[in-house]
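What follows is the residue order along each chain.
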Amino acid sequence: MDPALDTWDFSSPLISLWINRFYIYLGFAFGFSLWICFQIVIRKQNKNSPEKTTPKASQNLMTNGYISRPKKEVFVSGVKIFYGSQTGTAKGFATILAEALSSLNLPVAMINLKDYDPDDRLIEEVTSKNVCAFLVATYTDGQPPESAAWFCKWLEEAANDFRFGKTYLKGMRYAVFGLGNSVYLSHFNTVGKNVDKWLWMLGAHRVMTRGEGDGNVVKSKHGSVEADFTAWKTKFISRLQALRKGERKHCGGNCKKGKCESNQRGSEVAEPGSHVQEELPHRDAEDEEPFGSTNEEESDTEDHQSSNPVIDVEDLGKIMDHVKKEKREKEQLEGETSAIRSTVKSEASERRAMITPALREALTKQGYQLIGSHSGVKLCRWTKSMLRGRGGCYKHTFYGIESHRCMETTPSLACANKCVFCWRHHTNPVGTEWRWKMDQPEMILKEAIENHQNMIKQFKGVPGVKEERFEEGMTVKHCALSLVGEPIMYPEINKFLKLLHECKISSFLVTNAQFPAEIRDLKPVTQLYVSVDASTKDSLKKIDRPLFRDFWQRFLDSLKALAAKQQRTVYRLTLVKAWNVDELQAYAELVSLGNPDFIEVKGVTYCGESSASSLTMANVPWHEEVVRFVCELVDLIPDYEVACEHEHSNCLLIAHKKFKIGREWWTWIDYSRFQELIQEYEDSGGSKTFSAKDYMAKTPHWALFGANERGFDPKDTRYQRKNKSKDISGC
């Protein structure tokens, strides 16, 4: 067969297709045009359909013949009614409200604040999409009822604690109705006002104005406390119905026609599943102040009037009366001030109190129990934690302190430094010498213990608190003189320490290394700390901002005085990233100068924004960075090794090798033995001394550096805070 003929027969169909390619193209074009026309018709039919339930229905057509509709967004998932009642009125109102809400087909839960643990559960409301209603009564002298005492105390401390921050409860929605009696005008509805304020301070969103029930029928707005509640309940249900539709704010009737913002949900809802509150660019007008009007209509009217630039003549008269009143009050205040100044001048020989009224108010808000004219005590968060079996502080890990039995106090709120990382934003006074009235140490210690015990008593019956630890916590075993200020400035510090030891209370005293003479004269303490916040003159001035002009020489002399002490001594290093973490060699030289028994290295705790400090979260080192710093420092000081770690506090302990017996660390303290030794010291008039090794105890395995527990006591249960946006551990 001819090969050429075979080739021709094989290629002839291809040649035929090539010759007729125009008709093939035309067929493809016609088919594509038909498909486009079909799609246009389908879309027009969907657009004109009366049921526009799903904008992309044609794309969701399934093979089994039905259309999958997107899940409808839920704006309110339920209502939680919290009540704190003494006589049962608030509980009765909570029951009435729950019954009224049942018609809305929403899950409703009534919760007695006595059985509620805010530390564990309140944060859940940030993402739960619940609306929380608080019905709280005001009891004797403006105090909350017993059932709500713990909740109110926790809420107040959290609102004034920088570690929680202003966005801790951002996303939570709430409303408050307070019960009170205006006969007691100075305390009228104090608890309701405070709960409203504290929730607002933590970032929660107030969905409606606070309601106030008045048991005084003469002054009650609606004639009785029951009628006041009924009026508030009606508004709450109405507001709840609006929230279920996705409306953010109650319409006060001031919107332009056809442009009511509360009805334009299309622009508000970004996508299904997102929380309504998260989309807000800023807080609503109702949330701009912690205290709202007791009437929603009044609030709306005031907002409307404030936005109007035109002032009526009648209003102008009211404004002028208000200005005149303020002027009279100012003149009266100036007169009183002048009288006070003249009195002070006439009594120049008498020393003034350290705690001024303004200082007392500021420190009280921060949770301090003030004692006399210059001392204070405060409950540490680790004390609360250990009472509930959730672990102790790093001192428990490093030295065996029982955190639930530790009293944190100071006999002097004044300080000679203004450290950039000061926890109190410098609300305490400063000075280089004692120039105030002086209280006796017996009174300070007595009231410190009483105040501490009273704060512990408030945990009785609190959910999660272990009964045996509560009983133990009522007996103080340790005293941390490290609260705020400089305790060594107190002229009677040695007598105060002696009283502590007579009460079988161990002493942990912290000084800022600016009083070398006082350190030399100090009697034995269980453990003496010196804050070594920097290793060079320039960085120390930048971080501690000392008041003394010769601060650097005082600092060095203090370290030398520490080296002469026979009992346990500690350097406390606070690492501030980009400020003092690159001075390893200088730190090593300071260690050789003071020869401490231990070196605590801790990352700085961010104290929140303050005009007194320029620190930010960027200055807080990660735990891994602290570990790396410690390992590099140990390489430069051959007599020391890394002994312990407390990851939760971002803290490590470097110990002198003399506390390593064989291959085991003995960093813990035998507290009973210390009390025996200090008693012998006192009985001998100070002639019978003792050293740090005389009262050391073996360190448990879980506390050692490198252990799997990372410094957490396995006897306790570690608690991870839900939805925690930032570290609030503190130390």
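Scoring rules and cut-offs
- Residues numbered from 1 in each chain as written.
- Predicted model: local features only at pLDDT ≥ 70, side-chain atom pairs only at ≥ 80, totals over all residues.
- Heavy atoms only, no water.
- Helix = DSSP H or I, 4+ residues; strand = E, 2+ residues; numbered from the N terminus.
- Buried < 20%, exposed > 50% of the residue type's maximum accessible area, 1.4 Å probe, protein only.
- Contact = heavy atoms within 4.5 Å.
- Areas by Shrake-Rupley, 256 points an atom, 1.4 Å probe, with all protein chains shown as cover.
- Core = buried A, V, L, I, M, F, W, Y, C linked by side-chain atoms within 4.5 Å.
- Domains from an automatic or database assignment.
- Pairing = 2+ DSSP bridges.
- Right-handed = clockwise from strand over helix to strand, strands pointing away.
- pLDDT = per-residue confidence, 0-100.
- Axes fitted to C-alpha atoms, helices over the stretch in contact; angles between N-to-C directions.
- Patch = residues over 30% accessible without salt bridge, like charges linked within 9 Å, V, L, I, M, F, W, Y side chains within 5 Å.
- Salt bridge = Lys/Arg side-chain N within 4 Å of Asp/Glu carboxyl O.
- Lys, Arg positive; Asp, Glu negative; His and termini not counted.
- Charge placed at Lys NZ, Arg CZ, Asp CG, Glu CD.
- Polar contact = N/O pair within 3.5 Å; in protein donor to acceptor, adjacent residues only side chain to side chain.

Got a minute to help me understand the overall build of the chain in this structure?
Per the secondary structure count, the chain includes 21 helices and 20 strands. Counting only residues that meet the buried cut, the chain has 50% of its 731 residues in that class. Within the chain, residue pairs in contact and separated by at least 24 positions form 76% of the contacts whose partners lie at least 6 positions apart. As displayed, the chain has an accessible area near 37700 Å², and 53% of this comes from carbon and sulfur atoms.

Is there a simple way to explain the nonpolar core in this structure?
Among the nonpolar cores identified, the biggest contains 118 residues, and Phe134 and Leu169 are the most heavily contacted of them. Residue-level mapping places this core at the junction of two domains, with at least three residues from each of domain 1 (78-245) and domain 2 (417-441 + 493-703). With 29 residues, the next largest nonpolar core counts Ile401, Leu653, Ile669 and Phe674 among its residues.

Help me out: how do you make sense of the pairing of strand β11 (residues 506-511) in this one?
Consecutive side chains of a regular strand alternate in pointing toward one face of the sheet and then the other. Burial of β11 is extensive: 6 of the 6 residues sit out of reach of the surface. Across 4 bridges, the pairing between strand β10 (residues 478-481) and β11 is parallel. When the sheet's bridge partners are listed, Cys479 is paired in β11 with Ser507. In terms of strand pairing, β11 meets strand β12 (residues 527-531) through 4 bridges, oriented parallel. Across the sheet, Thr511 pairs through a bridge with Val530, a residue of β12. Regarding topology, helix α16 (residues 516-521) serves as the crossover connection from β11 to the parallel β12, and that connection is right-handed.

When you look at the confidence of the model for the chain in this model, what are you seeing that I'm missing?
Parts of the model with low pLDDT should not have their predicted coordinates read in detail. Taken over all residues, the pLDDT of the chain has a mean of 80, while the share at 70 or more is 76%. This stretch, residues 251-289, has a pLDDT under 50; its non-local contacts, to residues over four places away or in other chains, come to 64 contacts. When the criterion is pLDDT under 50, residues 291-316 qualifies, and its contacts beyond four places in sequence or with other chains add up to 31 contacts.

Teacher, can you tell me more about the sheet that holds strand β8 (residues 375-378) here?
Think of a sheet as strands paired side by side through backbone hydrogen bonds, with each pair either parallel or antiparallel. One open sheet accounts for 10 strands, arranged β7-β8-β9-β10-β11-β12-β13-β14-β16-β15; its pairing is mixed. Edge positions in the sheet fall to β7 (369-371) and β15 (640-646), since each has one partner strand and no second. The average undirected angle you get between the axes of adjacent strands in this sheet is 25°. Along the sheet, helix α20 (residues 623-634) contacts β13 (568-575), β14 (598-603), β15 and β16 (651-656); its crossing angle with β16, the most-contacted strand, is approximately 15°.

So what exactly am I meant to see when it comes to a negative patch on the surface here?
On the surface, Glu467, Glu468, Glu471 and Glu472 cluster together into a patch of negative charge. With respect to the element layout, Glu468 can be found in helix α14 (residues 467-473). Judged by relative accessible area, Glu468 falls into the partly exposed class, the value being 46%.

What is the right way to look at the side chain of Ser506 in this model?
Turning to its location among the elements, Ser506 is positioned in strand β11. The exposure class of Ser506 is buried, given its relative accessible area of 1%. Side chain to side chain, Ser506 and His478 meet in a polar contact 2.8 Å long. If sequence neighbours within four positions are ignored, Ser506 has contacts with Lys477, His478, Cys479, Thr526, Tyr671 and Gln675.

Help me understand the pairing of strand β3 (residues 130-137), please; the structure alone is not making it clear to me.
With respect to burial, β3 is a largely interior element, 8 of its 8 residues being buried. Here β3 shows two buried faces, one formed by Asn130, Cys132, Phe134 and Val136 and the other by Val131, Ala133, Leu135 and Ala137. Where strand β1 (residues 78-84) meets β3, 7 bridges bridge the pair, whose relative direction is parallel. When the bridges of β3 are listed, Phe82 appears paired with Phe134. Looking at chain direction, β3 and strand β4 (residues 173-180) are connected through 7 bridges and run parallel.

Any chance you could explain the environment of Cys479 here in plain terms?
With respect to the secondary-structure elements, Cys479 resides in strand β10. The class for Cys479 is buried, based on a relative accessible area of 0%. For the pair formed by Cys479 and Leu500, sequence separation is 21 residues and the distance between their alpha carbons is 7.9 Å. Dropping the residues within four chain positions of it, Cys479 is found in contact with Met407, Thr409, Leu500, Ile505, Ser506, Ser507 and Phe508.

I would appreciate a short explanation of a nonpolar patch on the surface in the present structure.
Residues Leu14, Leu17, Ile24, Tyr25 and Phe28 make up a contiguous nonpolar surface patch of about 570 Å² in total accessible area. For the nonpolar patch, the elements supplying multiple residues, two or more each, are α1 (3-19) and α2 (21-48). The element best represented in the nonpolar patch is α2, accounting for 3 residues. Along the polypeptide, Leu14 turns up in helix α1.

What is the right way to read helix α19 (residues 584-594) from this model?
Owing to its 3.6 residues per turn, the α-helix brings residues three or four apart onto one side. All of the buried residues in α19 are Leu584, Ala586, Tyr587, Ala588, Leu590, Val591 and Gly594. Buried-residue contacts for α19 involve α18 (551-563), β13, β14, α20 and β15.

Looking at this structure, how should I read unusual backbone geometry?
Backbone phi values are negative for most residues with the exception of glycine, while trans is the configuration of most peptide bonds. The residue Lys129 is not glycine, and still its phi comes out positive at about 65°. Take Lys129: it is sitting in the loop between α4 (118-121) and β3. Look at Lys129 and you get buried, because its relative accessible area is 16%. A positive phi angle, near 45°, is found at Asn595, a position not held by glycine. Looking at where Asn595 falls in the secondary structure, it is placed in the loop between α19 and β14.

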